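Letter by letter, the chains look like this.
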Amino acid sequence: MKVLDLSGAWLYKTDYDDCGTAREYYKETFELGGFMLPGSSCENGIGKKQKYYDEFTKEAVRAPRERFEYVAPLWLQREITVPEEFEGKYIRLFLERVNIASELWIDGEKIDRQIVELSAPHIYNLTGRLTPGKHTMTLRIDNRNLLNTDSMASGYSIDTQGYWNGVIGRMELQCEDIFHLENIRVYPKENGIDVKLTETSDVRSPFETRSAELELSVTAPDGRRLKAKRFSRRLFNSRQVEYLSYEIDDIEYWDEFNPALYTLNVKFECGGSADRKSVKFGMRTIKTENKKILLNNKQIALRGTIDCAIYPLTGYPPTDIDVWRKNFKIIQSYGLNHVRFHAWCPPDCAFCAADELGLYVSVEMPLWLNRDVCALELGEDSAHRAYFTQEAVAISKTYGNHPSFIMFSNGNENMGDFELLDDITTQIKAYDKRRIYTLTSNFDHPVLPCEDYLCAYEAGGHRVRIQTMQDEAAESTSLDFSAAVNDVPVPIVSFEVGQYCVYPNVDITEKYTGNILPVNFDVIKKEMIKKNVYHKLADYIKASGDLAVKLYKEDIEAALRTKDFGGFELLSLCDYTGQSTATVGILDAFFDSKGLIEPEQFRQFCNTVVPLFKAKRILKNTETLEAELDLYDYGRTRIDNPIFDLKIYNGNVIFYQVQTGAGKISVPLDSIEKSSQLKVELSVGAYTNSWNIYVFADSKINSDVRIIKTAEELQEAISNGGRAIVTADCIKNPIEGSFVPVFWSPVHFPSQRPCGAVIDDMHPIFKDFPSGKYPDYQWKTLLDNSKSVDISAFGKNFKTIVETVPNFVDNTPSSPLFEAVIGNAELLFCGFDLNRADEPSKQLKNSIISYFNSKDVNFKNRVNVKEFLSLLRNSD
């Protein structure tokens with residue numbers, strides 16, 4: 001194949017009113033130049049200039065925006081010189097990715113119909129329409145919502161890659177002999193491959209045939225050229241389809257541990273011409289059987305994250321394989337083996353990188369329609385059936401040879417015409433059996449015969465992520481989803497696990513040096529400054545992130561504990577910066593770490609092999625720790641009869657240790673005399689995981705302290721002096737607490753929940769209550785039943801004992817535990833409900849009262865009386 005590169009400077013003409021076709025722009029010579037392709041209108045400074053917002057609104061925080069937004073037809077033009085060697089050849093125009101539709105004119109003559117295609121290249125057949133010499137090529141690119149797909153799908157959404165207009169990736173005229181090969185598809189099987197291909201020729205008469213020769217050979221992963229196999233064929237038409245078989249000995253299978261790639265070499269001889277083409281492929285098969293996903297007849301489990309087409313420098317997906325290699329290696333460094341492309345399909349180089357690295361890929365069409373979030377549901381526009389049936393085939397034809405492409409879903413969270421989804425899935429599965437299929441990602445439903453797996457947060461009526469099971473998860477490290485596995489006939493993949501809001505790093509605006517303007521982060525920063533909390537940003541990120549990591553760990557381990565569970569897909573390893581700023585990632589949108597956890601630490605609980613410890617989290621020292629030891633094992637070679645190396649630390653001292661092949665242990669706790677945090681460390685070979693459990697000792701509480709529960713009594717103490725503990729009963733509008741943070745975004749799903757807490761763990765008040773700088777599960781009941789005081793008027797230097805992290809909508813600094821001199825009184829405010837009977841509440845009450853009666857009390861804060869009195873009940 002010969003190629004004429006069309007990248008570079010083009011002429012352009014805007015068409016805001018969509019009048020260009022009627023006015024025959026394609027017959028004009030454009031005047032404006034310098035539009036660089038591949039690229040977008042934004043990249044070329046065309047469109048409405050986006051400004052930063054002054055006020056915090058839902059629209060302002062929706063998502064970063066293109067610096068220049070252009071949603072209308074755009075006309076692009078350039079002169080090309082067709083070489084003499086193109087004469088009499090097969091010629092096509094290849095545009096790797098266009099958003100969303102293209103039309104083509106050559107020298108003012110329309111070429112074929114408009115192409116509407118989001119996931120595959122736009123290709124125009126120019127054979128016989130281009131002669132050697134100079135020609136004018138005119139493109140009309142239309143990025144309006146021509147398919148009536150609303151604005152949620154990652155393939156076309158302001159929340160993700162935006163509505164960019166242009167052409168990205170390869171742009172070229174391709175020329176080859178009339179006699180050539182197309183659409184070579186490789187179908188691995190247990191003893192080799194089946195091959196489907198198209199032979200193109202000049203045979204166009206029913207009274208004419210041609211003889212042709214085909215030769216297949218394969219290059220092995222180690223570079224060895226395997227035997228050639230020849231086939232003689234007679235051609236009866238201009239595009240003839242052939243099915244061939246080729247056997248391979250000593251097969252090296254492709255998977256995450258051994259991403260071995262073969263190359264199929266095909267030679268086609270006909271009409272005195274010879275065409276040679278090569279296709280890379282991996283020897284892998286995939287199916288589901290007995291509720292298991294079997295890759296090469298071996299059970300696998302998916303540990304995945306989601307890619308939502310958020311690329312904050314370009315505003316469109318990268319077509320550079322090195323970018324994908326870098327991102328995928330980062331994903332794998334966190335122990336993940338899978339990426340789900342959320343309501344979009346990536347460019348070819350993404351599949352190539354995944355093939356090389358052994359990453360399992362799930363692809364979806366740009367389809368997300370349900371009336372919960374959209375103006376319409378699937379099937380309400382007749383275009384949906386025609387387009388998405390075609391789109392599924394286009395994705396399969398374009399990317400189906402890639403071994404990494406193991407799963408296909410029609411889209412995300414679709415509702416409406418499930419008959420349409422059934423039709424598409426049944427057809428595409430019959431067309432291409434090289435992957436496993438489901439109707440849609442998310443939403444429980446009866447599994448249809450065309451479905452191989454179910455991806456949802458609820459399956460068979462059972463929850464399969466811990467979003468609404470946090471109380472149960474807090475009790476023990478034993479939660480699993482076995483009930484769902486028992487009741488659903490296909491493998492289950494847990495949908496969009498996590499979504500725990502980490503306070504946004506508003507200083508990330510400095511990284512946005514490309515096409516995208518971080519308007520949302522900028523306005524959140526302005527709001528922080530306005531609320532006088534910007535100086536707390538680092539603490540807010542670290543505290544909310546620490547909590548998110550703890551919750552992600554539990555979500556992941558619940559999936560790992562579940563026998564024969566298909567896997568999970570996080571939302572997400574990286575931030576989702578749209579849908580009202582959902583900064584839920586361990587990494588930011590640039591794939592950079594937020595400093596919350598290192599990859600090797602994350603791999604302790606998210607890896608091919610993970611030791612699991614199932615036990616209660618909270619115990620009394622009069623109890624016995626009963627635990628089950630287990631092993632999630634999807635390593636390259638399974639570990640038979642694992643030996644568990646268990647160490648339990650109390651501080652720096654080993655409290656208990658054992659090496660055992662047994663699956664259960666019992667450890668009496670009566671030797672622990674002081675309430676303690678125990679660190680459990682469980683290893684199997686080179687794999688180690690750890691947990692905190694909390695043991696509380698009975699202790700007598702000296703309740704001889706003054707506790708103030710009314711605003712009147714508090715005002716009297718402030719006036720006349722004294723020392724007392726003050727409860728939230730005195731406060732006019734206390735802020736409700738919560739251990740679990742905001743889900744997704746406090747704007748998208750309106751919420752007043754905080755996002756963690758910062759604890760002065762070295763404060764002597766915690767002498768008898770085990771705690772770190774950030775809450776663990778011993779704090780859950782306490783924080784869930786807490787009430788905090790707004791401390792925004794107490795001054796920048798006010799020191800709390802416990803301070804909650806507000807969400808970025810509220811941005812109100814508050815505290816459920818602090819001490820201060822107010823007027824003539826020395827007061828300790830406690831917004832925790834210390835009358836509860838659970839062990840952490842009882843022990844915190846004991847520790848607070850012991851501190852209050854000790855010589856360690858030190859009231860360094862001073863609060864203005866007037867400011868404090870304004871917070872009390874019955875105050876003006």
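Reading guide: rules and limits
Residues numbered from 1 in each chain as written. Predicted model: local features only at pLDDT ≥ 70, side-chain atom pairs only at ≥ 80, totals over all residues. Heavy atoms only, no water. Helix = DSSP H or I, 4+ residues; strand = E, 2+ residues; numbered from the N terminus. Rg over C-alpha atoms; globule rule 2.2 N^0.38 Å. Buried < 20%, exposed > 50% of the residue type's maximum accessible area, 1.4 Å probe, protein only. Contact = heavy atoms within 4.5 Å. Areas by Shrake-Rupley, 256 points an atom, 1.4 Å probe, with all protein chains shown as cover. Lys, Arg positive; Asp, Glu negative; His and termini not counted. Charge placed at Lys NZ, Arg CZ, Asp CG, Glu CD. Disulfide = S-S within 2.5 Å. Core = buried A, V, L, I, M, F, W, Y, C linked by side-chain atoms within 4.5 Å. Pairing = 2+ DSSP bridges. Axes fitted to C-alpha atoms, helices over the stretch in contact; angles between N-to-C directions. Salt bridge = Lys/Arg side-chain N within 4 Å of Asp/Glu carboxyl O. Polar contact = N/O pair within 3.5 Å; in protein donor to acceptor, adjacent residues only side chain to side chain.

**Student:** How should I be thinking about the overall build of the chain in this particular structure?
**Tutor:** Looking only at helices and strands, the chain features 13 helices and 52 strands. Taken against the 2.2 N^0.38 rule, which gives 29 Å for 876 residues, the C-alpha radius of gyration of the chain at 32 Å falls within 12% of a compact globule. Out of the 876 residues in the chain, the part that is buried amounts to 59%. In the chain, 71% of the contacts between residues at least 6 apart in sequence involve partners at least 24 apart. Split by element, the accessible area of the chain, about 34000 Å² in all, is 46% carbon and sulfur. Each charge sign in the chain was given a centre, from 101 positive and 125 negative side chains, and these centres are 2 Å apart.

**Student:** Please explain the state of the cysteines as it appears in this structure.
**Tutor:** Simply put, disulfide is the name for a covalent bond between the sulfur atoms of two cysteines. Taken as a whole, this structure holds zero disulfides when the rule is applied. In this structure C345 is a free cysteine whose sulfur lies 11 Å from that of C349, the closest cysteine sulfur available. Taking the relative accessible area as the measure of exposure, C345 reaches 2% and is therefore buried.

**Student:** I tried to follow the nonpolar core on my own but got confused; where do I start?
**Tutor:** Side chains of a nonpolar character, in soluble globular proteins, are inclined to be buried together. In terms of nonpolar packing, the biggest core is built from 158 residues, with F328, F766, W779, L817 and F832 touching the most fellow members. Looking at this core, the element that brings in the most residues is helix α8 (residues 537-561), giving 13 residues. Apart from the residues lying within four places of it in its own chain, the contact partners of W779 are F739, I759, F766, F769, S771, V802, F832 and L844.

**Student:** Before we go on, may I ask you to explain the sheet that holds strand β41 (residues 664-668) in this structure?
**Tutor:** Whenever strands of a sheet pair, they do so through backbone hydrogen bonds, lying parallel or antiparallel. Taken in spatial order, the three strands make up an open sheet running β36-β38-β41, and their pairing is antiparallel. Unpaired on one side and paired on the other, β36 (609-614) and β41 mark the two borders of the sheet. With direction set aside, neighbouring strand axes in the sheet form an average angle of 25 degrees. For β36 and strand β38 (residues 624-633), the ladder comprises six bridges, and the chain directions are antiparallel. Bridged to F613 within β38 is L629. Sheet strands in contact with α8 are β36 and β38, and its direction is about 95 degrees off that of β36.

**Student:** Is there a simple way to think about the pattern of salt bridges in this case?
**Tutor:** Side-chain pairing between opposite charges can occur once the charged atoms of the two side chains come close. Enumeration over the complete set of coordinates arrives at 65 salt bridges. Of the charged contacts, one joins E839 and K842 as a salt bridge, the two residues approaching to 3.2 Å between their closest N and O atoms. Placement of both E839 and K842 in helix α12 (residues 839-852) is noted, with a separation of three residues, approximately one turn of the helix. Bridged by salt links that share partners, the residues D18, E103, K110, R140, D142 and R144 form one connected network.

**Student:** How do you make sense of the pairing of strand β50 (residues 814-822) when you look at a structure like this?
**Tutor:** Side-chain positions along a regular strand alternate between the two faces of the sheet. Counting buried positions along β50 yields nine of nine residues, so the element is predominantly enclosed. Note that strand β48 (residues 787-790) and β50 share two bridges and pair antiparallel. Bridging across to β50, V789 finds its partner in S815. Relative to β50, strand β49 (residues 802-804) is paired through two bridges, and the arrangement is antiparallel. Pairing of T804 across the sheet is with S814, part of β50.

**Student:** Looking at this model, I keep getting lost on the sheet that holds strand β2 (residues 8-14). Mind explaining?
**Tutor:** Strand order in this open sheet of six strands is β3-β2-β8-β13-β10-β11, and the pairing throughout is antiparallel. If you trace the sheet from one side to the other, it starts and ends with β3 (32-37) and β11 (109-116), each paired once. Each adjacent strand pair in this sheet contributes to an overall mean axis angle of 30 degrees, direction not counted. Both β2 and strand β8 (residues 73-82) contribute to a ladder of four bridges, which runs antiparallel. Considered in β8, the bridge of T14 is made with L74.

**Student:** Looking at this structure, I do not really get the environment of Y25. What am I missing?
**Tutor:** Relative to the assigned elements, Y25 resides in the loop between β2 and β3. For the pair Y25 and Y777, spaced 752 residues apart in sequence, the C-alpha to C-alpha distance is 66 Å. Not counting residues within four places of it along the chain, the set of residues in contact with Y25 comprises K13, T14, D15, C19, G20, F30, W75 and Q77.

**Student:** Even after reading the chapter, I still don't get the side chain of R465, so can you show me in this structure?
**Tutor:** Among the secondary structure elements, R465 is positioned in the loop between β32 (462-463) and α5 (470-475). Here R465 sits buried without a salt bridge, and the closest side chain of opposite charge, E496, lies 5.0 Å off (N-O distance). At a separation of 2.6 Å, a polar atom in the side chain of R465 contacts the side chain of Q467. Within the structure, the side chain of R465 is placed 2.9 Å from the backbone oxygen of F495, a separation counted as a polar contact. Excluding anything up to four places from it in sequence, R465 contacts Y457, F481, S494, F495, E496, V497, Q499, D555 and F743.

**Student:** Which parts of the structure should I look at to understand the side chain of N846?
**Tutor:** For N846, the location among the structural elements is in helix α12. You can call N846 buried: its relative accessible area is 5%. Every residue in contact with N846, bar those within four places of it in the chain, is listed here: S699, K700, I701 and D768.

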